[in-house]
Amino acid sequence: MEEADRLLRTVEYSRTEQIQIVMPEFINGTGRLFGGKLVEWIDIVAAVVARRHSGMDVTTACIDQLIFKRGAFVNDMLVLIGRITYVGTTSMEIRVDTYVEEPDGVRKPINRAYLVTVALDKEGKSARVPGLLLQTETERAEWEGGIRRMKLRKERRAEGY
């Protein structure tokens, strides 16, 4: 298939939002949301974004950036928003932002993560994904950031990181 014939999808096509309420069983010894539970939710949101974009099953290849900005506590309402930022031939980079939403609707950021997923065909082999149609300056800036992050990941792999 020629690049010019590649199916294109918008960022909004696969955008995903998930809501969670922090329950007591999700709390660590310091009274905050256990980071591993949040990583699980982030991974699920990223997988949904990637599946929607690709139309295929996916697997997580890496979480190359995960920044915890503040904690979350019992009964906090979390909003996780995932959007695709960059696509390669078979891989997709997804950004997931997590917020605590106050009762008045104000959202405070607590986490940002970038994940890379790979699309899988029916035999479990990597498969070509649709391209990304960028529509806003923000989407173009994320794409450029995705290129820089992809190059950094390649450098790290070459160094055995």
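Residues numbered from 1 in each chain as written. Predicted model: local features only at pLDDT ≥ 70, side-chain atom pairs only at ≥ 80, totals over all residues. Heavy atoms only, no water.

K.L.:
Run through the packing of aromatic side chains, naming residues and quoting values.
P.N.:
Geometrically, a pair of aromatic rings is defined through the distance of the ring centres and the angle of the planes. Evaluated as defined, the whole model comprises 2 aromatic pairs. Seen in terms of ring centroids, F26 and W41 are 5.2 Å apart; in terms of plane orientation they differ by 85 degrees. Their pairing is edge-to-face. Separated by 15 residues along the polypeptide, F26 in the loop between β2 (16-21) and α2 (35-54) and W41 in helix α2 bring together distant segments of the chain. For F26, a relative accessible area of 15% corresponds to the buried category. When the centroid spacing of 4.5 Å and the interplanar angle of 50 degrees are considered together, the rings of Y86 and W143 count as tilted. In this pair, Y86 sits in strand β4 (residues 77-87) while W143 sits in helix α3 (residues 137-158), placing the two residues 57 residues apart along the sequence. (Phe/Tyr/Trp six-rings, centres within 6.5 Å; stacked < 30°, edge-to-face > 60°. Helix = DSSP H or I, 4+ residues; strand = E, 2+ residues; numbered from the N terminus. Buried < 20%, exposed > 50% of the residue type's maximum accessible area, 1.4 Å probe, protein only.)

K.L.:
Explain the sheet that holds strand β6 (residues 107-120) residue by residue, including any values.
P.N.:
Taken in spatial order, the 5 strands make up an open sheet running β2-β4-β5-β6-β3, and their pairing is antiparallel. With partners counted over all chains shown, the strands left at the sheet margins are β2 and β3 (57-68), one partner each. Strand-to-strand twist in this sheet, taken as the mean axis angle between neighbours without regard to direction, amounts to 25 degrees. Both β3 and β6 contribute to a ladder of 10 bridges, which runs antiparallel. Opposite I67, over in β6, you have R112 as the bridge partner. Lying on the sheet, α2 is in contact with β2, β3, β4, β5 (91-101) and β6; it crosses β4 at an angle near 45 degrees. Its contacts with the sheet put α3 on β3, β4, β5 and β6, and the angle it makes with β4 is roughly 80 degrees. (Pairing = 2+ DSSP bridges. Axes fitted to C-alpha atoms, helices over the stretch in contact; angles between N-to-C directions. Contact = heavy atoms within 4.5 Å.)

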